[in-house]
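In case you want the letters, here they are:
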Amino acid sequence: MSTGLERSQPPVEVSEDELEALLGDRALARDDHLNAPGFVVRPDDVQSVLSDLKERAGFDHLSNLTAQQYEDRYESIYHLKKYADPTQEVSIVVPTPIDDPVSESAAPVFSTADWHEREAFDLVGIDYEGHPDPRRILLPETWQGHPLSLDYDQEKPQLVTLTDHANPIQPDHHDAESDTMFLNIGPHHPATHGVLHLETVLDGETVVDVDPDVGYLHRCEEQMCQNGTYRHQIMPYPDRWDYVSAGLLNEWAYARVAEDLADIEVPDYAQVIRTMGAELCRIASHMLALATFALDVYGDFTAIFQYGMRDREVVQDILEDLTGQRLMFNYFRLGGVAWDLPEPREEFIAKTRDFLDELPAKVDEYNDLLTGNEIFQVRCHDTGVLEPEAAKDYGCTGPVARGSGIDYDLRRDDPYGYYDELEWDVVTEPGCDNYSRVLVRMREVEESAKIIEQCLDLLEDWPEDEREIQANVPRTLKPDADTEVYRAVEGAKGELGIYIRADGTDKPARFKIRSPCFHNLSALPEMANGEYVPDLIASLGSLDIVLGEVDR
Amino acid sequence: MSSNNPRQQIHGSTAPSTDTRDSRIGEGPDDRFNSKLREAFGSTPFILTKFDKFMNWVRGNSMFMLQFGIACCSIEMMHTYAIKHDLDRFGAGVPRASPRQADVMIVPGTIVSKFGPRMKRVYDQMPEPKFVVGMGSCTISGGPFQEGYNVVKGAEEIIPIDIHVPGCPPRPEALIYGVAKLQERIRNGESTPVVVKPYELEQFGDLPKDELVQKLADDIDEDDLVMRYNWADSP
């Protein structure tokens, strides 16, 4: 079978024995994780173990860090993968005692650990020794306690100060020593794509330093999911992580991890529907990314933005027919989907085909308006440059990584759904700048259209008596205690992963979300330092972040 | 000329088209501006009304919305402004990026503790009279995230709200309906009082001294502006 998906160079496999040999005495014990071999190491061995794995075994992608508290210990789990082959996974488990939760920071080895560990400190309360910037990240500085630790009291009042954002009516704090200016962008600003706050230091018009301040939309999603039962109560929440109508893609992340955990086999027919729905969502999401990017670069609310919204409206109509909802679809169920294609089926298929038929013309329009526009090219070429090495270091995935030439797409590299049976290509662009990220999204829309087309063919010809949309799933799911699993899917913005630890009840004991936007955003200083302010805005737009997913 | 007849010859004229101009400078009022209402007024085109009533009518028909995106609802809000739904048709669709030029704030999303004071600042910067539409369940009560440790249980804890539009998220049609209802109320002069005191930020030193305040008193300046969230007593 040729799907046009083969990589140019097959990656080198590392066996578990080789890993054990590499870690040697530093591995204190083995830990059972469903898809990644786990090694327990001492808190002061973190850096050496991780750098060995990175340098000598090729695990160059720190995809997730989960921090959690047990009755008797704290635990940080570093989940490592390879950009060359994400099916090769290893987890490094670092237990720390309950009275002294200090562990060595991994930030010198992987830049992405910086934000990961700040979050782990913020929510769970583990201290990372040697961390370059040990501040809270999601909650306000004055927050008392760590909400995901076991002894946290939710009823306690909290204070939020305005110190960092001094009264704008106050006189300018001009520093006689230097010529730089401190400028707050956001959290209420039309170009920040929601409630993001950028603390920028400017020298004239050049950005000397930018520090993204997130957490203005931290809605306790992990806690919400930990309070819900596996079967039905968690599924509505993924819709609200990446709310730019990437709902089905997110739901798939949860569906995949929970199906892995509970060993549920999804019928092929449901997988095809899922694949089609997910790709429709990807189109809708990329359309909005494009529209808002034009808004950022041109300040253009009336033309390109409206074009993007027009096309999204069509996709949303189709998705509404399919799922019954406009934005928060809540359509996937564990083991399948909620219902079959809408009746009359032919009408739905015809409607979707119409959309696909019109798409090439629309793409041409976008090329005329946007990518072919000289001003746009001048604004985007060679601005916001993100070299592949830096992108990997920051854990970037999705169109951001592929815009830096990193050939990484979980739909192909860690196949799920029906993707490996279909003909399509992974899009990469070597430019590393804002322009290539836009191009990647534009071309991905076309690839998604290809996938949808094939799914429609399949759905149309599917034998009438085999249209099975749902596997047989027990009413209450109770995975065995201490089953741990991390699984990821390719969301619209990149690798969207979930770590779940079961404790034998019908609710997860720990539910950790690895959001692509969080890591893509952490690379912003890398892209924007030394550029002009408008290029900073363009770079931010090209990252296509959604604050709901950054803050969770 | 009765308004039931076509007003001008469109076809078949080769004369330079000065009709329009002639009619403008000719006697009597311009045809184009004629209307049933005008006919009813007769020769005195004046209406007597109260100034307040007139101002309410004006306000209700030219609303400047603050371009304010928080969460999921803001996506539907964008759709409301964009083609197909086009809020502008209702005299309420000029999004302004600056709070100083806006008089309506649609709060589209979950307010969390860190964002609450910022939202209040933006609200304070809007000129009066100002109106607020609470969009979606989160803005009303915290919605699906109400149980969260960090989520403010409704924007009403921080700023006064005129109209609630329920839904998660409300469809654009629902938002339009909410805005239209708000306009109706403004025209009738029924909106909430604009100056609100209970929601002010406090100075840290003015807070009642409890365990938390005592603990923070060492690091925080007494003059700092703070917002205190009391999760236990929120609705």
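Refer to the structure printed above.
Residues numbered from 1 in each chain as written. Chains lettered and ligands numbered in written order. Predicted model: local features only at pLDDT ≥ 70, side-chain atom pairs only at ≥ 80, totals over all residues. Heavy atoms only, no water.

A.B. asks: Before we move on, could you go through a nonpolar patch on the surface and cite the residues and values that matter?
C.D. replies: Taken together, the side chains of Phe51(B), Phe54(B) and Trp57(B) define a hydrophobic patch exposed on the protein surface, amounting to about 370 Å² of accessible area. When you line up the elements, Phe51(B) lands in helix 3 (residues 51-61). (Patch = residues over 30% accessible without salt bridge, like charges linked within 9 Å, V, L, I, M, F, W, Y side chains within 5 Å. Areas by Shrake-Rupley, 256 points an atom, 1.4 Å probe, with all protein chains shown as cover. Salt bridge = Lys/Arg side-chain N within 4 Å of Asp/Glu carboxyl O. Helix = DSSP H or I, 4+ residues; strand = E, 2+ residues; numbered from the N terminus.)

A.B. asks: Can you tell me about the interface of chain B and chain A, naming the residues and giving the values?
C.D. replies: Taken together, the contact pairs 57 residues of chain B with 61 residues of chain A. Taken together, both faces of the contact between chain B and chain A bury some 5200 Å²; the carbon and sulfur share is 64%. When the area that chain B buries against chain A is broken down by residue, the three leading residues are Lys114(B), Arg118(B) and Tyr149(B), summing to 17%. Viewed at the interface, chain A and chain B are joined by five salt bridges. When the shortest N-O distance is used, the salt bridge between Lys84(B) and Asp317(A) registers 3.8 Å. Linking chain B with chain A are 18 residue pairs in polar contact (both at pLDDT 80 or more), by the criterion used here. Secondary structure elements with two or more residues in the side of chain B that touches chain A: helix 4 (72-81), helix 5 (116-125), helix 8 (211-217) and strand 7 (225-229) of chain B. With six residues, helix 4 of chain B is the single largest residue contributor to the side of chain B that touches chain A. (Contact = heavy atoms within 4.5 Å. Buried area = accessible area lost by both parts, 1.4 Å probe. Polar contact = N/O pair within 3.5 Å; in protein donor to acceptor, adjacent residues only side chain to side chain.)

A.B. asks: I'd love a proper account of the packing of helix 13 (residues 434-461) of chain A against helix 16 (residues 533-543) of chain A, names of residues and values included.
C.D. replies: Residues and elements named next belong to chain A. Where helix 13 contacts helix 16, the axes come no closer than 9 Å and their chain directions differ by 25 degrees. Here helix 16 runs roughly parallel to helix 13, going by the angle between their axes. Of the two possible hands of crossing, helix 13 and helix 16 adopt the one that is left-handed. Residues Asn434, Arg437 and Arg441 of helix 13 form the contact with helix 16, whose own contacting residues are Asp535, Ala538, Ser539, Ser542 and Leu543. (Axes fitted to C-alpha atoms, helices over the stretch in contact; angles between N-to-C directions. Parallel < 35°, antiparallel > 145°, perpendicular 65-115°, else oblique. Left-handed = near helix turned anticlockwise from the far one by under 90°.)

A.B. asks: Please give an account of a negative patch on the surface that cites residues and values.
C.D. replies: On the surface, a cluster of negative charge is made up of Glu202(B), Asp206(B), Asp221(B), Glu222(B) and Asp223(B). Along the polypeptide, Asp206(B) turns up in the loop between strand 6 (202-203) and helix 8. (Lys, Arg positive; Asp, Glu negative; His and termini not counted. Charge placed at Lys NZ, Arg CZ, Asp CG, Glu CD.)

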